[in-house]
Amino acid sequence: MTTTPTPTTDDAPSPPAPAPAQGRGAWSTLRPLVLRLHFYAGVLVAPFLLVAALTGLLYAASFQAEKIVYDHELTVPVGDRELPVSEQVAAARAAHPDGEITAVRPSPEPGATTRVLLSGIPGVDPGHTLAVFVDPYTAKVRGELEQYGSTGALPLRTWIDEFHRDLHLGEPGRLYSEFAASWLWVIACGGLVLWFSRRRTQRKLRGTTGRRRTLGLHGGVGAWVALGFVFLSATGLTWSAYAGAHIGDLRTALGQETPAVSAAAGEHAGHGTAGGTGGDAAHGVGLDRVLAAARAEGLDNPVEIVPPADEGSAYVVQQIQRSWPTKQDAVAVDPATGQVTDVLRFEDFPVLAKLTRWGIDLHTGSLFGLVNQIALMLLALSLILLVFWGYRMWWQRGRGSAFGRPIPRGAWQQVPPQVLVPLLALVAVLGYFVPLLGIPLAAFLAVDIVLGEIAHRRGRRTYGPASG
């Protein structure tokens, strides 16, 4: 939601601000303040939300598009028997002798290819890997594509993902998405409270026209999707640059970090390893025995095998299923003996680590697959419509002669000190933990106070309550 309900009689000027009455309820004094915040936050933040919604819509659709665009690399005819993983990796190595093998993702299901991931390939982004796709039944290489991230995003989805995250501007571009996520929940919650504070008769859509109909569409749709926006905002902040760092610090302080399996090899590490080196997929006992050891511990598909980083490290085999039910178990396997040296179960993760994992996967459309992705696309479309209706209300509020009359100032003066002081304290705490909420809000208040003082000195102070 981007703008706010406004007076039912648009042509009537706002009355002068009355002195706060002793018997007024807390909400009657807070509503004008929420209305003004919702209005200005919506007007100023809406362009960022619109970009986030459009790029988010594309990202949600990219999962299915990726399957179509890269069908040749991702799928093969189902054969009678899969070859050993070591043979498949050898075929990939023969086709691409350069670089270092960083991971192997065996075929997760019948008809799917095996991915051999290589780093240090000329022309490949240093933060990405080159995925070589191998037919698990014939060991023929089907192709190679640049891959990014733990979800195995290929070029199409990677491009859209980076566009959504930072507009392809790098770290400075991440400020846009964090700014949008920091304010989305504020706008959504404010609009939700304002909508349900209206009388039921004022929320009816049937038989309305003009600005009232636009308000009905904006408020009605916004009320249905507000909780979804709050969820997207909260989960988006989880891995943002500044608020995400605070969230990470809080999880660390509470002992709720995401655990990792110990990759330290056993006492025989470095002995009997056939001269293997870090990053060599044939290190020690080899991939087939390592995979068999992981299977014996219950790690079924899909899995990723990470070769030892050095002579003192073990193989790490980890499940990589982000869809429901989540599979994130991991084991470490001694390269010299093929014995499991450490086991990590997802069920043993701390509560906040699990919730973070599920929240991120739900935000990105992985947790419930196609249903999840359709829901995200509907939320994105809703936000696009709400931005459109919000700006339309702003135009209609100006009666066509001016682009949007502002909500009158001075709402905070109506709030009793016993309500205002705790509210300011809460805003200060939120502003510290979510700086791209706190800093713009402080800047807005400073500018608003200065403009109000200028208007006062010119004899046209516009303080007054807003009804709606």
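Residues numbered from 1 in each chain as written. Predicted model: local features only at pLDDT ≥ 70, side-chain atom pairs only at ≥ 80, totals over all residues. Heavy atoms only, no water.

### Comments concerning the overall build of the chain
For the chain, the helix and strand inventory stands at 12 helices and 8 strands. For the chain, the proportion of its 468 residues judged to be buried stands at 48%. Look at the contacts in the chain between residues 6 or more apart in sequence, and 67% of them connect residues 24 or more apart. (Helix = DSSP H or I, 4+ residues; strand = E, 2+ residues; numbered from the N terminus. Buried < 20%, exposed > 50% of the residue type's maximum accessible area, 1.4 Å probe, protein only. Contact = heavy atoms within 4.5 Å.)

### Regarding the packing of aromatic side chains
Under the criterion given, the structure shown has 12 aromatic pairs. The interplanar angle of 40 degrees and the centroid separation of 5.3 Å between the aromatic rings of Trp-159 and Phe-163 together place this pair among those described as tilted. Of this pair, Trp-159 and Phe-163 both sit in helix α4 (residues 155–166), separated by 4 residues, roughly a single helical turn. Judged by relative accessible area, Phe-163 falls into the partly exposed class, the value being 26%. Arranged with centres 4.9 Å apart and planes meeting at 55 degrees, the rings of Phe-346 and Phe-349 form a pair that is tilted. Assigned by exposure class, Phe-346 and Phe-349 land together as buried. Directly above the aromatic system of Phe-346 lies the positively charged group of Lys-354, at a separation of 6.0 Å from the ring centroid. (Phe/Tyr/Trp six-rings, centres within 6.5 Å; stacked < 30°, edge-to-face > 60°. Lys NZ or Arg CZ within 6 Å of the ring centre and 35° of its normal.)

### Some details on the nonpolar core
Proteins that are soluble and globular tend to have nonpolar side chains buried together. Judged by nonpolar contacts, the single largest core of 35 residues is most densely connected at Val-45, Leu-49, Trp-183, Leu-184, Ile-187, Phe-229 and Leu-383. When residues of this core are traced back to their parent elements, those giving at least two are α1 (26–69), α5 (174–197), α6 (210–238), α10 (369–397) and α12 (435–457). In terms of residues, this core owes the most to one element, α5, which gives 9 residues. Filtering out sequence-adjacent residues up to four positions away, Leu-49 remains in contact with Ala-180, Leu-184, Ile-187 and Leu-383. (Core = buried A, V, L, I, M, F, W, Y, C linked by side-chain atoms within 4.5 Å.)

### Topic: the confidence of the model for the chain
Residues at a pLDDT of 70 or more form 85% of the chain, whose mean pLDDT is 87. A low-confidence stretch, residues 271–279 (pLDDT under 50), is modelled with 17 contacts involving residues beyond four sequence positions or located in other chains. (pLDDT = per-residue confidence, 0-100.)

### Considering the packing of helix α3 (residues 85–95) against helix α8 (residues 287–296)
Contact pair α3 / α8: the axes reach a minimum separation of 7 Å and the direction vectors enclose 135 degrees. Considered as vectors, α3 and α8 are oriented oblique to each other. Contact with α3, carried on its side by Val-85, Ser-86 and Val-89, involves Leu-287, Asp-288 and Leu-291 of α8 and no other residues of that element. Within the contact of α3 with α8, the residues separate by chemical class into 4 nonpolar, 1 polar and 1 charged. (Axes fitted to C-alpha atoms, helices over the stretch in contact; angles between N-to-C directions. Parallel < 35°, antiparallel > 145°, perpendicular 65-115°, else oblique. Nonpolar A, V, L, I, M, F, W, Y, C, P; charged D, E, K, R; others polar.)

### Focus: the side chain of Ser-233
For Ser-233, the position within the fold is in helix α6. Overall, Ser-233 belongs to the buried group, its relative accessible area being 1%. Those residues in contact with Ser-233 that sit more than four places away from it in its chain are Ala-181, Leu-184 and Trp-185.

### Details of the pairing of strand β6 (residues 315–319)
Of all 5 residues in β6, 4 are buried, a share of seventy percent or more. With 4 bridges connecting them, strand β5 (residues 303–306) and β6 associate as antiparallel partners. Across the sheet, residue Ile-305 finds its bridge partner in β6, namely Val-317. (Pairing = 2+ DSSP bridges.)

### Focus: the pattern of salt bridges
Across all of its chains, the model carries 9 salt bridges by this definition. We note a salt bridge from Glu-304 to Arg-105, for which the minimum N-O separation is 2.7 Å. On the criterion of sequence distance, the pair formed by Glu-304 in strand β5 and Arg-105 in strand β1 (residues 100–105) is long-range, its members being 199 residues apart. Owing to a relative accessible area of 9%, Glu-304 belongs among the buried residues under this scheme. Salt-bridge contacts for Glu-171 lead to Arg-174; the nearest nitrogen and oxygen are separated by 3.4 Å. On the accessibility criterion, Arg-174 (17% relative accessible area) is buried. By sharing partners, the salt bridges in this structure join Glu-297, Asp-329 and Arg-345 into a single network. (Salt bridge = Lys/Arg side-chain N within 4 Å of Asp/Glu carboxyl O.)

### Let's talk about the pairing of strand β3 (residues 129–134)
A large share of β3 lies buried, amounting to 6 of its 6 residues. On β3, burial covers both faces: Thr-129, Ala-131 and Phe-133 on one face and Leu-130, Val-132 and Val-134 on the other are all buried. In this structure, β3 lies alongside strand β4 (residues 141–147), joined through 6 bridges in antiparallel fashion. If you follow Phe-133 over to β4, its bridge partner there is Gly-143. Hairpin connection from β3 to β4: 6 residues lie between these consecutive antiparallel strands, with Ala-139 at a positive phi of about 65 degrees.

### What to know about the environment of Glu-171
Within the secondary structure, Glu-171 is located in the loop between α4 and α5. For the pair Glu-171 and Ala-241, spaced 70 residues apart in the sequence, the C-alpha separation amounts to 8.5 Å.

### Points about helix α7 (residues 243–253)
Along α7, the residues that are buried comprise Ala-243, Gly-244 and Arg-251. All buried residues of α7 lie within an arc of 100 degrees about the axis, which places them on one face of the element. Away from its buried face, by an angle of more than 90 degrees, α7 presents the exposed residues Asp-249 and Ala-253. Considering only its buried residues, α7 is in contact with α5, α6, α9 (351–364), α11 (417–433) and α12. (Arc of directions from axis to C-beta.)

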